[in-house]
Amino acid sequence: MSQAPALAAATLMLLLPGCALFQWPGEATKSVTSPREWFGHKTKVEDAPTLNTARLEASIVTKPANDETIRQHVWLELDESGLMAADRRQRLNQSGFRVAVASGTAPWALQSLAREASAALRTTEGQASQNLQMSDQLSALGPTFNVMQNSKSLIEVQSQLDSSMLPINELPELAILRDQSGLRCVMEVSVKELMDDMVLLSVLPQIHIGANTPRFSISGSTEQLPMRQNIVPLYDQQFTVRLHTGDIVVIGQQRSQKWNSGRLFFEPLSGSAATERLLMIRLAGVDQMKGQRDSSFRLGAYDK
């Protein structure tokens, strides 16, 4: 056997067992799918197992730092006390992060800010044709994205900040880094539990910094050298909230005279041009998707 066919056969045999890694609620562990089941026929979609996925909406609001809208109107109408233990909330506040949930109908201040952010996004992103395509993916709150249980998605809150303009050496996590270029503030969103109308959402603040360079990682059984920045996860500021359909988690800054991580994420600059940001994530619903396996080998393709 020549070297190329042997490599292709080996790769195929590595990929096929990957589908057995997914287990759906109530389904017993099954043996690895044999190649015979993959060749020559298609499994009916209606007979395939289902997978729940959280349908989320996100919006990032930007206001002038001297505008009192966020501080005087938004936070007064939100529940901060019932989300987590008092010591956990205090730790977040000391790091400059503030978290709350709006249950049921969103307060008018949040609705107003979401409309402003959505309108600005439609106006500024790309050409007119791209705006029309993007409008189909925007809800009343903002862009829609799906996250399966135990998977994750990234939301960029700040991009390409100029480190020379910021006192980031006051943050121990960043002071030790030699390359402080291309600083970005990112929220990693993952789903830990998922039911018909409820999800347990985990949010991990991350700082992406440094030049994009090849970095070794392993994905499944394949070694990779992707081009990416250095990622600094802020595990002390990670938090989990329980959301029911329609609930909105609001993440912003706990104002302080001290420079901290929360300020870097939501109000990094000072002066007359300074802005303050607010991140909103809404659970729009929980969808069920059916797996499909056919001879085209579209692994990971799902039909609703």
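Scope of this entry: the structure provided in the associated data block. (Residues numbered from 1 in each chain as written. Predicted model: local features only at pLDDT ≥ 70, side-chain atom pairs only at ≥ 80, totals over all residues. Heavy atoms only, no water.)

**Some details on the overall build of the protein chain**
Which entries qualify depends on this criterion: By the criteria applied, helices consist of DSSP H or I runs no shorter than four residues and strands consist of E runs no shorter than two, each listed in order from the N terminus. Relative accessibility decides the category of a residue: with a 1.4 Å probe and only protein chains considered, values under 20% of the type maximum give buried, values over 50% give exposed, and everything between is partly exposed. The contact rule is simple, with two residues in contact once any of their heavy atoms fall within 4.5 Å. Here the open area of atoms and residues is found with the Shrake-Rupley method and a 1.4 Å probe, where only the protein chains shown may cover a residue.
Secondary structure assignment for the protein chain yields eight helices and 13 strands. Burial status across the protein chain gives 40% buried among its 304 residues. Taking as baseline every contact in the protein chain between residues at least 6 positions apart, the subset at least 24 positions apart corresponds to 73%. Total accessible area computed for the protein chain in this model is approximately 17000 Å², and 51% of it derives from carbon and sulfur atoms.

**Focus on the layout of surface pockets**
We apply this condition: With a 1 Å grid spanning the protein atoms alone, the term cavity applies to any set of points in which a 1.4 Å probe fits but cannot get out, the term pocket to an open set with protein on both sides within 12 Å along at least five of seven lines, and the term lining residue to any residue with an atom within 4 Å of a point. Grid points are joined across faces, edges and corners, and a volume is the space filled by probe spheres set on the points. Polar here means any residue other than Ala, Val, Leu, Ile, Met, Phe, Trp, Tyr, Cys and Pro, which are nonpolar, and Asp, Glu, Lys and Arg, which are charged; Gly is therefore polar.
Empty space within the second largest pocket amounts to approximately 430 Å³. As for the second largest pocket, its lining consists of 20 residues, of which Ser 59, Ile 60, Ala 117, Leu 121 and Pro 143 are closest to the centre. If you tally residues by element for the lining of the second largest pocket, the top one is helix α5 (residues 108–124), at seven residues. Of the residues that constitute the lining of the second largest pocket, the class distribution is 11 nonpolar, six polar and three charged.

**Things to note about the pattern of salt bridges**
Pairs can form between side chains of opposite charge once their charged atoms are near each other. Formally: Definition used for salt bridges: Asp or Glu carboxyl oxygen within 4 Å of a side-chain nitrogen of Lys or Arg.
Counting across every chain of the model gives 10 salt bridges. Glu 80 is the partner of Arg 98 in a salt bridge, and the nearest nitrogen-oxygen pair spans 3.1 Å. Of this pair, Arg 98 sits in strand β2 (residues 97–102) while Glu 80 sits in the loop between α3 (69–74) and α4 (86–94); the two residues are 18 residues apart in sequence, bridging distant segments of the chain. The class of Arg 98 is partly exposed, set by a relative accessible area of 21%. In this structure, Arg 255 and Glu 267 form a salt bridge, with 2.7 Å as the shortest nitrogen-oxygen distance. Of this pair, Arg 255 sits in the loop between β11 (248–253) and α8 (261–266) while Glu 267 sits in the loop between α8 and β12 (275–291), and the two are 12 residues apart along the sequence.

**Considerations on the side chain of Gln 229**
What counts here: Under the rule applied, a polar contact is a pair of N or O atoms within 3.5 Å (in protein, one hydrogen donor and one hydrogen acceptor; residues adjacent in sequence only if both atoms are side-chain atoms).
Note on placement: Gln 229 falls in strand β9 (residues 227–233). Relative accessible area serves as the criterion here: at 6%, Gln 229 is assigned to the buried category. Of note is the side chain of Gln 229, whose polar atom sits 2.8 Å from the side chain of Arg 184. Among the polar contacts listed, one links the side chain of Gln 229 to the backbone oxygen of Gly 210, at a separation of 2.8 Å.

**A few points about the nonpolar core**
We apply this condition: In this text, buried Ala, Val, Leu, Ile, Met, Phe, Trp, Tyr and Cys residues form a nonpolar core when linked through side-chain atoms within 4.5 Å.
Membership of the largest hydrophobic core comes to 44 residues, with the highest contact counts inside it found for Leu 174, Met 187 and Leu 264. A per-element tally of this core places strand β5 (residues 183–194) first, with six residues. Those residues in contact with Leu 264 that lie beyond four places of it in its chain are Gln 158, Leu 161, Leu 166, Ile 168, Leu 171, Leu 174, Leu 183, Cys 185, Ile 207 and Trp 259. Ala 102, Ala 106, Ala 114 and Met 280 belong to the second-largest nonpolar core, a separate cluster that totals 18 residues.

**Some details on empty space enclosed by the protein**
Under the definition given, this model contains one cavity of 30 Å³ or more. Of the pockets and cavities examined, the largest cavity occupies roughly 30 Å³. Glu 80, Met 84, Arg 89, Leu 92, Asn 93, Phe 97, Arg 98 and Val 99 together form the lining of the largest cavity. Secondary structure elements with two or more residues in the lining of the largest cavity: α4 and β2. Looking at the lining of the largest cavity residue by residue, the class counts come to four nonpolar, one polar and three charged.

**Some remarks on the packing of aromatic side chains**
Test applied: Note on aromatic pairs: the rings of Phe, Tyr and Trp (six-membered ring only in Trp) are paired at centre separations within 6.5 Å, and the planes decide the class, stacked below 30 degrees, edge-to-face beyond 60, tilted for the rest.
Following the criterion strictly, the structure yields three aromatic pairs and no others. Aromatic pair Phe 265 and Phe 266: ring centres 6.2 Å apart, planes at 40 degrees, arrangement tilted. For the pair Phe 265 and Phe 266, one class covers both residues: buried. Joined through ring pairs, the aromatic side chains of Phe 97, Phe 265 and Phe 266 make up one cluster.

**Some words on the side chain of Asn 260**
Within the secondary structure layout, Asn 260 lies in the loop between β11 and α8. The buried category is assigned to Asn 260, whose relative accessible area is 7%. Side-chain polar atoms of Asn 260 contact the backbone nitrogen of Gly 262, separated by 3.4 Å. A polar atom in the side chain of Asn 260 sits 3.0 Å from the backbone nitrogen of Arg 263. Those residues within four positions of Asn 260 in sequence are excluded, and the remaining contacts are Gln 94, Ser 95, Gly 96 and Leu 171.

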